[in-house]
Amino acid sequence: MTASPTDSFERKIDYLRLSVTDKCNLRCTYCMPEDGVPKLDHSEILSYEEVLTLARIAVGMGISKIRITGGEPLVRKDIITLCSKISNIPGIKSLSLTTNGVLLPIFAESLFKAGIRRINVSLDTLNPEKFAAITRHDRFADVWEGILAAEKAGIFPIKLNAVVLRGVNDDEIEDLAGLTISHPYHVRFIEHMPFKAGEGDGHEKKFVAAPEILERLKRVAPLSTCQENQSNGPAVYYRFRDAPGKIGIISPVSDHFCPSCNRLRVTAEGKLRTCLFSTEETDLRGALRNNLPIEAVSEIIRKAIARKPEKHELSSPVFRKCISRQMFSIGG
Ligand code: SAM
Ligand code: SF4
């Protein structure tokens, strides 16, 4: 088994988030414009063969955890076949998926059979009307059905991710957290990130900081910290007494999780980003299409890892204006 690469700050890099599309069947107000975005030409998107080659190269370098994301990954044709091929790469330890859940009622069982064991589902509200307002599509019932279907299929853990938006869904923090009492789900609250700050995305008005979320939760019932998760990923986990599920708080803005960042991202067009908020990208599609040998592509990735920034500069307004992509096109 190859040892995972480390970056210049001694962080072990063992996790890759692979975006398979920038298309989506929802239009969340904080992520995508209502009219969508100019479509990438099919030839600009990595083919499945290319995605698979990249996944093999990454696993060969010691990157043992892969998450499939987008855009909405379940809208890409033949996604099950791709998942199945990636989960069969020798040396891969975990294959997971991030989805908005709309197509989960159709795909949950085949995803499990294809090797997906962990999923993250975006769920900002339990109110169908509010769901329609946030996502601009009336699909709450499908998403809820999909979550239940994933549980039935044996996928565990199921993490429900809610972006907290002041004046929109912050009144539901307690109800969403309550799901961890009635279900074995991990409900994670995420701070809104200012991807389009330069164009006035209303970040300052919408933003609810993690300490405020935590305070609200503590007023519901005593919360204990879950030690087992502290070193794994950006969420800090808590639990209500005897609850089967956990509550996670992810604070990319108010508190850097950069010191423990173990991840790389590849966009649907094959651009490698070593930081979610990178202003730098490395083109892997060109390397693949020029038929560079595996070792040469690995070397390009290693060099990019060596340049992985120590931390993001989200608190700097100048830096915010440089952010060139939104989540759907990075791969959330
Ligand atoms: N379509 C899938 C989904 O919604 O789960 C996967 C891609 S989506 C871009 C991944 C995650 O990014 C979602 O949980 C979404 O809520 C989050 N996201 C998008 N824009 C965000 C923003 N401005 N701030 C915080 N989270 C954001
Ligand atoms: Fe689509 Fe996910 Fe972005 Fe919502 S958050 S618009 S579901 S990519």
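Our structure is the block above this text.
Residues numbered from 1 in each chain as written. Chains lettered and ligands numbered in written order. Predicted model: local features only at pLDDT ≥ 70, side-chain atom pairs only at ≥ 80, totals over all residues. Heavy atoms only, no water.

### A closer look at the pattern of salt bridges
Evaluated as defined, the whole model comprises 14 salt bridges. Residue arginine 11 is joined to aspartate 7 by a salt bridge in which the shortest nitrogen-to-oxygen separation is 2.6 Å. Judged by relative accessible area, arginine 11 falls into the buried class, the value being 6%. Between glutamate 109 and lysine 113 there is a salt bridge; the shortest N-O distance is 3.5 Å. With a gap of 4 residues between them, glutamate 109 and lysine 113 both fall in helix α3 (residues 104-113), about one helical turn apart. With respect to burial, glutamate 109 and lysine 113 carry one shared label: exposed. (Salt bridge = Lys/Arg side-chain N within 4 Å of Asp/Glu carboxyl O. Buried < 20%, exposed > 50% of the residue type's maximum accessible area, 1.4 Å probe, protein only. Helix = DSSP H or I, 4+ residues; strand = E, 2+ residues; numbered from the N terminus.)

### A closer look at the packing of α3 against helix α5 (residues 140-153)
In contact at an axis separation of 8 Å, α3 and α5 are set at 20 degrees when each is read in the N-to-C sense. As judged from the angle between their axes, α3 and α5 are roughly parallel. Pair α3 / α5 crosses with right-handed handedness. Side by side, α3 and α5 meet where Leu104, Pro105, Ala108, Glu109 and Phe112 of the first sit next to Asp142, Glu145, Gly146, Ile147, Ala149, Ala150 and Ala153 of the second. When grouped by side-chain class, the residues that make up the contact of α3 with α5 number 8 nonpolar, 1 polar and 3 charged. (Axes fitted to C-alpha atoms, helices over the stretch in contact; angles between N-to-C directions. Parallel < 35°, antiparallel > 145°, perpendicular 65-115°, else oblique. Left-handed = near helix turned anticlockwise from the far one by under 90°. Contact = heavy atoms within 4.5 Å. Nonpolar A, V, L, I, M, F, W, Y, C, P; charged D, E, K, R; others polar.)

### Some details on the side chain of threonine 180
Looking at the secondary structure, you find threonine 180 in helix α6 (residues 173-182). Exposure remark for threonine 180: the relative accessible area of 0% places this residue in the buried category. For threonine 180, the contacting residues outside a window of four places in its chain are Tyr185, Val187, Phe240, Ala243, Pro244, Gly245, Lys246 and Ile247.

### Notes on the packing of aromatic side chains
For the structure shown, the criterion picks out 2 aromatic pairs. Here the aromatic rings of phenylalanine 131 and phenylalanine 140 are separated by 5.9 Å at their centres, their planes lie at 70 degrees, and the arrangement is edge-to-face. Of the two residues examined, phenylalanine 131 and phenylalanine 140, each falls in the buried class. Both rings, one in tryptophan 144 and one in tyrosine 185, keep their centres 6.5 Å apart while their planes meet at 75 degrees; by these two values the pair is edge-to-face. (Phe/Tyr/Trp six-rings, centres within 6.5 Å; stacked < 30°, edge-to-face > 60°.)

### Details of the site of ligand 1
Close contacts around ligand 1 come from 18 residues, with Tyr30, Gly71, Thr99, Ser122 and Met193 the closest. In the environment of ligand 1, a nitrogen atom lies 3.2 Å from a nitrogen or oxygen atom belonging to the side chain of glutamate 72. When isolated, ligand 1 has an accessible area of 550 Å², and the protein chains bury 95% of it. The set of elements that each furnish at least two residues to the shell around ligand 1 consists of β3 (94-99) and α12 (327-330). Among the residues making up the shell around ligand 1, the classes are represented as 7 nonpolar, 9 polar and 2 charged. (Near = heavy atom within 4 Å. Polar contact = N/O pair within 3.5 Å; in protein donor to acceptor, adjacent residues only side chain to side chain. Areas by Shrake-Rupley, 256 points an atom, 1.4 Å probe, with all protein chains shown as cover.)

### A few points about the site of ligand 2
Around ligand 2, a shell composed of Cys24, Leu26, Cys28, Cys31, Gly71, Asn100 and Phe328 is seen. In the shell around ligand 2, the residues fall into 5 nonpolar, 2 polar and no charged.

### So, α5
Compared with the 20 Å implied by 1.5 Å per residue over 14 residues, the 20 Å span of α5 between its first and last C-alpha is a close match. Along α5, the positions that sit buried rather than exposed are Phe140, Val143, Gly146, Ile147, Ala150 and Ala153. Across the axial projection of α5, the buried residues extend over an arc of 150 degrees, all falling on one side. Residues of α5 that are exposed and point more than 90 degrees away from the buried face comprise Ala141 and Lys152. Packing partners of the buried residues in α5 comprise α3, β4 (118-122), α4 (128-135) and β5 (158-164). Of the residues trailing α5, glycine 154 is marked for its positive phi of about 105 degrees. (Expected span 1.5 Å × (residues − 1). Arc of directions from axis to C-beta.)

### Some words on the pairing of strand β2 (residues 65-69)
Judged by how many residues are buried, β2 sits mostly within the fold: 4 of 5 residues are covered. Here 5 bridges tie strand β1 (residues 15-19) to β2, and the two strands are oriented parallel to one another. Its bridge partner lying in β2, serine 19 is registered against threonine 69. Following the chain from β1 across helix α1 (residues 48-60) to the adjacent parallel β2, one finds a crossover that is right-handed. (Pairing = 2+ DSSP bridges. Right-handed = clockwise from strand over helix to strand, strands pointing away.)

### Remarks on the environment of histidine 192
Take histidine 192: it is sitting in the loop between β6 (186-191) and α7 (203-206). Distance in space between the C-alpha atoms of histidine 192 and valine 253 is 7.8 Å, their sequence separation being 61 residues. Contacts of histidine 192, omitting those with residues within four sequence positions, involve Tyr30, Val163, Val164, Leu165, Asp201, His203, Lys206, Phe207 and Val253. A polar atom in the side chain of histidine 192 sits 2.9 Å from the side chain of histidine 203.

### Notes on unusual backbone geometry
Note that the residue after phenylalanine 156, namely proline 157, is joined by a cis bond; omega there is 0 degrees. Along the chain, proline 157 turns up in the loop between α5 and β5. Residues other than glycine seldom take positive phi values, yet asparagine 291 does so here, at roughly 55 degrees. Assignment of secondary structure puts asparagine 291 in the loop between α9 (285-289) and α10 (294-306).

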